[in-house]
Amino acid sequence: MFRSIAMIFLTLASMHASAADSHDFYRRSFNAGWRFHKGEAPGAEAVDFDDSSWRPQQLPHDWAIEGPFDVKYNARCGGLPFHGTGWYRKTFDTPTDSQGKDVLLTFDGAMYNAHVWVNGQFVGNRPYGYIEFQYDISEYLNAEGENTIAVRLTPEDLSSRWYPGAGIYRNVWIDVRNPIRVAQWGTFVTTPVIADDKATVSIETSLLGEVDNGDVGIEYQVMDPSGESVGSARLVAKAENHAEIEIEKPALWDVDSPHLYRLVTKVTQGDEVLDEISTTFGVRSLEFSKEKGFLLNGKHTRIQGVCLHHDNGPLGAIVNRRAIERKLQIMKAMGVNSIRTSHNPPSNELLEFCDKLGLLVQVEAFDVWMKAKVPNGYNKFFAQWAERDIKDMVRRDRNHPSVFMWSIGNEILEQSSKEDGNRIAKELNDYVKSLDTTRPTTCGFNWFPGPYASGMAAQVDIAGMNYKPLAYGEQVDEFLPNTPVVGSETSSCTSSRGVYHLPIEKYQTHESKQVTSYDLIGPPWAYPPDIEFDALEKNPEVLGEYVWTGFDYLGEPTPYGGKDNSTNGYWNADWPSRSSYFGTVDLCGFPKDRFYLYQSQWTDEPMVHVLPHWNWEHTKHDVIPVYAYTNCEEVELFVNGQSAGRRIKGKDLTKIHVKFNRYEKDNLLSKYRLSWDVPFTPGSLRVVGYIDGKPVAEKEIKTAGAPAKIKLIPDRTELSSDGQDLSYVTVRIEDADGNLCPLASNLVHFRVEGKGSIAAVGNGNAATTAPFIADQRKAFNGLCMLIVRSAEASGEISIRAESEGLASDSVSLSVR
């Protein structure tokens, strides 16, 4: 059995003085005042290089999301120009208060192969685009006056299996710090004892500088969720320090009540404070075993997880706090309690919000080791950089309460080599364990029984099984009788929001370049969600699952374009299909029907969902299959007010087409869906969910008339004046009575005035080359999205949407 000791965890603030400018040391954003150039620029690292023709650029920045989409780019990677050379330059003054201090420059992530110069002198190189890195640039700075920093990025074609983005797409920071300070990621906090009445907090702190003279001290203070001090400690400092603090009646961090404490650490010398960091943390225990599954704070918790790529849809790869928060809120509403960061280290911001929202995170290191999946992937850097990268990942993230599992890789091709696979898996596992023994390791294995029979899967604590629900139980137990198993990647069902192809059939691709939303289509290895639900129900010892995927993402337009290890890496055969169909929600965050299928399994608040739309006039289809997804005991369907009968969940089964690798049957009688065959007549479909015979939930859809008007629905009407806050404005095409027109594709024009601007537009259509950076968008099945960004000033934002032949709509937002 793997048992962790309980943990207290740091978040984004862990290495910095948020007390900041009240002292003579601080961290500040370094995102403003840059210039950008796409293309070669010989000599651009030199101080006297003329960059006046370069465009001003605020960071974070993804140069590729601006497009244009073009068939000459790889649809597998989004059909966008992410590869090539890009330069960033910035001129800045030497901080006036930096004499005798260290000036640190931190990049949260740069895509990729970053080379950095300061005042013409080479500072360093970091290839992996997903990893945070920091340089001490003190020795390169002028004593006073101006300095120039230059950054060159050279992302290559065929370097990724999905859209990686391009540029300095995560935040950049500048720190002025005393030579004696807490090291980068230098604090690790655990609680070896947790009880109802108290928790023992164990703190390890690494310091830099001359601290052996006995005159340097460390002070710790713990603040509870209400801001009250609940414990403190003081000690004489050394290079490596240990302290313990007891918290009375600790409030635990869990997925339902993510209580967060704050640890303030001060490094002192006499009356002077040399360094201060404020650390958000939580208290919780983890336990994993074959017999009990996963226990969070002693309570059995089934993993209801999704895999998420790092892009933010129409915004591209840029880190944006609101975009990430919204993405996670949508997943939480579906019933998700865990995120797998497929297939790379996540942003600080994602982990910060997972801490706050109560989402467990499996942090994944790599998609590739030594053997290449694409010609220019991370395999080129693995031998030199893998140890550094995975250790930096663990050091940075090991104190987040949300982080509960480390993944050393995904579908690694070394699974075919017993010698290489076992050796590298052991090395990576050992690197992780050298820094953190409180969490289990895992790896996503997609071959069976290969890595299980060879012993490779035994090198990690938890066996991750990609798309092998039929092997749960006896088959995997033959090789790993005592090792917990998790469905690390499941289902891979594909669909397009609002698209319904009749008759219902299992096909490979469709001439429309869309995929039916009856939730049964997938590639050869994939299967409907019902298969996984059934396998997990029959094998309660499996920890749970990570659905592929929560959100659609840019690139990998399966089932269109190509497949792994074929077509020379290019997926352009079905252009303009250029982004994923895998998500339970589309690229804009609009839920697909599958969202509600998972919600029906993963949530308790009574819900019912009905599909398809009810606009089938002028089609050859007279009888329409109607499905309902619910967590209620039974559902009644009403057609134009007349009952079409009740169905009991678990008893009245729905036959669905199933065909995937190693599955002998061609259908499944699903107990997770309810269905009726309904002769079509215009009007309404209404479903009512019952528990104990009482109606507790309902939903109605109506046959819509001709498109008549636009309806704008912002998700937030008050924004922060930080120049980065967002409002996601849903744009509905409605008939005269306010019904959604489910087939509408009207072109909508946007005008945004005042203290805001258009950040991006989208509609969730995976097969269009319309740009994201634009002031217009066609509706896709009745919906599109306008994303508005606030200015760095207070005031009002006015938004107006117009379309030929439709009544326009306007809304206002406040910026404060």
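The protein goes by Glycosyl hydrolase family 2, sugar binding domain protein in an unreviewed UniProt entry, where it is assigned to Rhodopirellula sallentina SM41. UniProt, in the comment section headed Sequence similarities (unreviewed entry), describes the protein in these words: "Belongs to the glycosyl hydrolase 2 family."

Engineer: Let's hear about helix α3 (residues 379–397): which residues, and what values?
Structural biologist: Helix length check: α3 (19 residues) gives 23 Å between terminal C-alpha atoms against 27 Å at 1.5 Å per residue, more than 12% under. Most pronounced at W385, the bend in α3 amounts to some 80°.

Engineer: Tell me what's going on with the side chain of R126, and back it up with residues and numbers.
Structural biologist: One can find R126 in strand β9 (residues 121–126). On the basis of relative accessibility, which here comes to 2%, the residue R126 falls in the buried class. A distance of 2.8 Å separates the side chain of R126 from the side chain of D389, its partner in a polar contact. At 2.9 Å, the side chain of R126 and the side chain of D392 are in polar contact. Contact partners of R126, with chain neighbours within four places excluded, come to N113, A114, I131, E132, F133, Y135, W385, R388, D389 and D392.

Engineer: Any chance you could break down the sheet that holds strand β46 (residues 776–778) for me, citing the residues and the numbers?
Structural biologist: Judged by pairing direction, the sheet is mixed, and its five strands sit side by side in the order β42-β49-β48-β44-β46 without closing on themselves. Each edge of the open sheet carries a strand with a single partner, namely β42 (718–719) and β46. The pairing of strand β44 (residues 747–754) with β46 spans three bridges and is antiparallel. Bridge pairing links H749 to Q776 in β46.

Engineer: Got a sec to walk through the layout of surface pockets? Specific residues and values, please.
Structural biologist: Considered as a void within the structure, the largest pocket measures approximately 1,000 Å³ in volume. Along its surface, the largest pocket is lined by 38 residues, and E411, N446, Y467, W525 and N661 are the ones closest to its centre.

Engineer: Requested: an account of the sheet that holds strand β12 (residues 172–177), with residues and values cited.
Structural biologist: What the four strands build is an open sheet, ordered β3-β12-β7-β10; its pairing is antiparallel. Two strands lie at the open edges of the sheet, namely β3 (26–29) and β10 (133–136), each paired on one side alone. Each strand axis lies, on average, 20° off the axis of its neighbour in the sheet, ignoring direction. Across four bridges, β3 lies against β12 in antiparallel orientation. When the sheet's bridge partners are listed, R27 is paired in β12 with D175.

Engineer: Give me the lowdown on the domain arrangement of the protein, citing residues and values where you can.
Structural biologist: The domain boundaries assigned to the protein delineate domain 1 (27–174), domain 2 (181–282), domain 3 (286–602), domain 4 (608–702) and domain 5 (709–815). Across the contact, 24 residues belong to domain 3 and 27 residues belong to domain 5. A per-residue breakdown of the area domain 3 buries against domain 5 is headed by P314, R322 and R497, which together make up 28% of the total. Where domain 3 meets domain 5, there are one salt bridge. On inspection of domain 3 and its partner domain 5, the count reaches nine residue pairs in polar contact (both at pLDDT 80 or more). The residue makeup of the side of domain 3 that touches domain 5, split by class, is 12 nonpolar, six polar and six charged.

Engineer: Which residues make up the environment of E537, and what values do they have?
Structural biologist: Tracing the sequence through the fold places E537 in helix α7 (residues 529–538). Not counting residues within four places of it along the chain, the set of residues in contact with E537 comprises K671 and Y672.

Engineer: Account for the UniProt feature "domain: Glycosyl hydrolases family 2 sugar binding" (unreviewed entry) in the protein, naming residues and giving values.
Structural biologist: In the numbering adopted here, UniProt assigns the feature "domain: Glycosyl hydrolases family 2 sugar binding" (unreviewed entry) to residues 83–165. Note that residues 83–165 is 0% helix and 45% strand, and that its end C-alpha atoms are spaced 9 Å apart.

Engineer: Can you explain the packing of helix α1 (residues 321–334) against helix α2 (residues 348–357)? Please cite residues and give values.
Structural biologist: Here α1 crosses α2 at 45°, and the two axes come no closer than 9 Å. By the angle class used here, α1 and α2 are oblique. Two packed elements cross with a definite hand, and for α1 against α2 that hand is right-handed. The segment α1 lies against α2, with R321, I324, E325, L328, Q329 and K332 engaging E349, L350, E352, F353, C354, K356 and L357. Split by residue class, the contact of α1 with α2 holds six nonpolar, one polar and six charged.

Engineer: Tell me what's going on with unusual backbone geometry, and back it up with residues and numbers.
Structural biologist: The omega angle of the peptide bond from G67 to P68 is 5°, so this bond is cis rather than trans. With an omega of -5°, the peptide bond between W548 and T549 qualifies as cis. A positive phi angle, close to 45°, is found at E411, a residue other than glycine. For E411, the position within the fold is in the loop between β27 (403–410) and α4 (418–433). Taking relative accessible area as the criterion, E411 reaches 12% and is therefore assigned buried. Positioned with a positive phi, E556 is a non-glycine residue whose angle comes to about 45°. Summarising the element assignment, E556 is placed in the loop between β31 (544–547) and α8 (593–602).

Engineer: Could you give an account of the nonpolar core, with specific residues and numbers?
Structural biologist: By size, the foremost hydrophobic cluster in this structure holds 135 residues, and its most contacted members are F366 and W369. Here the element with the most residues in this core is α3; it accounts for seven residues. Grouped together as the second largest cluster of nonpolar side chains are 39 residues, F107, Y135, Y140 and L153 included.

Engineer: Provide a residue-level description of empty space enclosed by the protein, including the pertinent values.
Structural biologist: Space left empty within the atom packing is revealed by a probe, the size of a water molecule, rolled over the atoms. As enumerated under the stated definition, the model contains eight cavities of 30 Å³ or more in all. Taken as a whole, the largest cavity encloses approximately 270 Å³ of empty space. For the largest cavity, the lining is made up of 21 residues, of which Y128, Y130, S159, S160 and Y378 are closest to its centre. Of the residues contributing to the lining of the largest cavity, the split by class is 12 nonpolar, six polar and three charged. Domain assignment of the residues forming the lining of the largest cavity places at least three in each of domain 1 (27–174) and domain 3 (286–602). Around the second largest cavity sit 16 residues that line it, and H309, H310, P346, S347 and L350 are the ones nearest its centre. Elements with a minimum of two residues in the lining of the second largest cavity: α1 and β25 (338–341).

Engineer: Before we move on, could you go through the pairing of strand β47 (residues 783–790) and cite the residues and values that matter?
Structural biologist: Most of β47 is tucked away: seven of the eight residues are buried. Of the strand pairs in this sheet, strand β45 (residues 756–762) and β47 are connected by six bridges, and their pairing is antiparallel. What sits directly across from G762, in β47, is M785.

Engineer: Would you mind going over the packing of aromatic side chains in detail, with residue names and values included?
Structural biologist: All chains considered together, the criterion is met by 38 aromatic pairs. When the centroid spacing of 5.2 Å and the interplanar angle of 55° are considered together, the rings of F294 and F404 count as tilted. With F294 in strand β22 (residues 293–296) and F404 in strand β27, the pair connects residues that are 110 residues apart, well separated along the chain. F404 shares its class with F294; the two are buried. Taken together, the ring pairs connect Y128, Y130, F366, W369, Y378 and F382 into an aromatic cluster. Lying across the ring of F638, R686 places its NZ or CZ 4.6 Å from the centre. Positioned above the aromatic ring of Y596 is the side chain of K699, whose terminal nitrogen or guanidinium carbon lies 4.2 Å from the ring centre.

Rules behind the numbers
Residues numbered from 1 in each chain as written. Predicted model: local features only at pLDDT ≥ 70, side-chain atom pairs only at ≥ 80, totals over all residues. Heavy atoms only, no water. UniProt positions renumbered as here; feature names shortened; annotations may be inferred. Helix = DSSP H or I, 4+ residues; strand = E, 2+ residues; numbered from the N terminus. Expected span 1.5 Å × (residues − 1). Bend = angle between axes of the 7 residues up to and from the residue. Buried < 20%, exposed > 50% of the residue type's maximum accessible area, 1.4 Å probe, protein only. Polar contact = N/O pair within 3.5 Å; in protein donor to acceptor, adjacent residues only side chain to side chain. Contact = heavy atoms within 4.5 Å. Pairing = 2+ DSSP bridges. 1 Å grid on protein atoms, 1.4 Å probe; cavity = no way out; pocket = protein on both sides within 12 Å on 5 of 7 lines; lining within 4 Å. Points joined across faces, edges and corners; volume = space filled by probe spheres on them. Axes fitted to C-alpha atoms, helices over the stretch in contact; angles between N-to-C directions. Domains from an automatic or database assignment. Buried area = accessible area lost by both parts, 1.4 Å probe. Salt bridge = Lys/Arg side-chain N within 4 Å of Asp/Glu carboxyl O. Nonpolar A, V, L, I, M, F, W, Y, C, P; charged D, E, K, R; others polar. Parallel < 35°, antiparallel > 145°, perpendicular 65-115°, else oblique. Left-handed = near helix turned anticlockwise from the far one by under 90°. Core = buried A, V, L, I, M, F, W, Y, C linked by side-chain atoms within 4.5 Å. Phe/Tyr/Trp six-rings, centres within 6.5 Å; stacked < 30°, edge-to-face > 60°. Lys NZ or Arg CZ within 6 Å of the ring centre and 35° of its normal.

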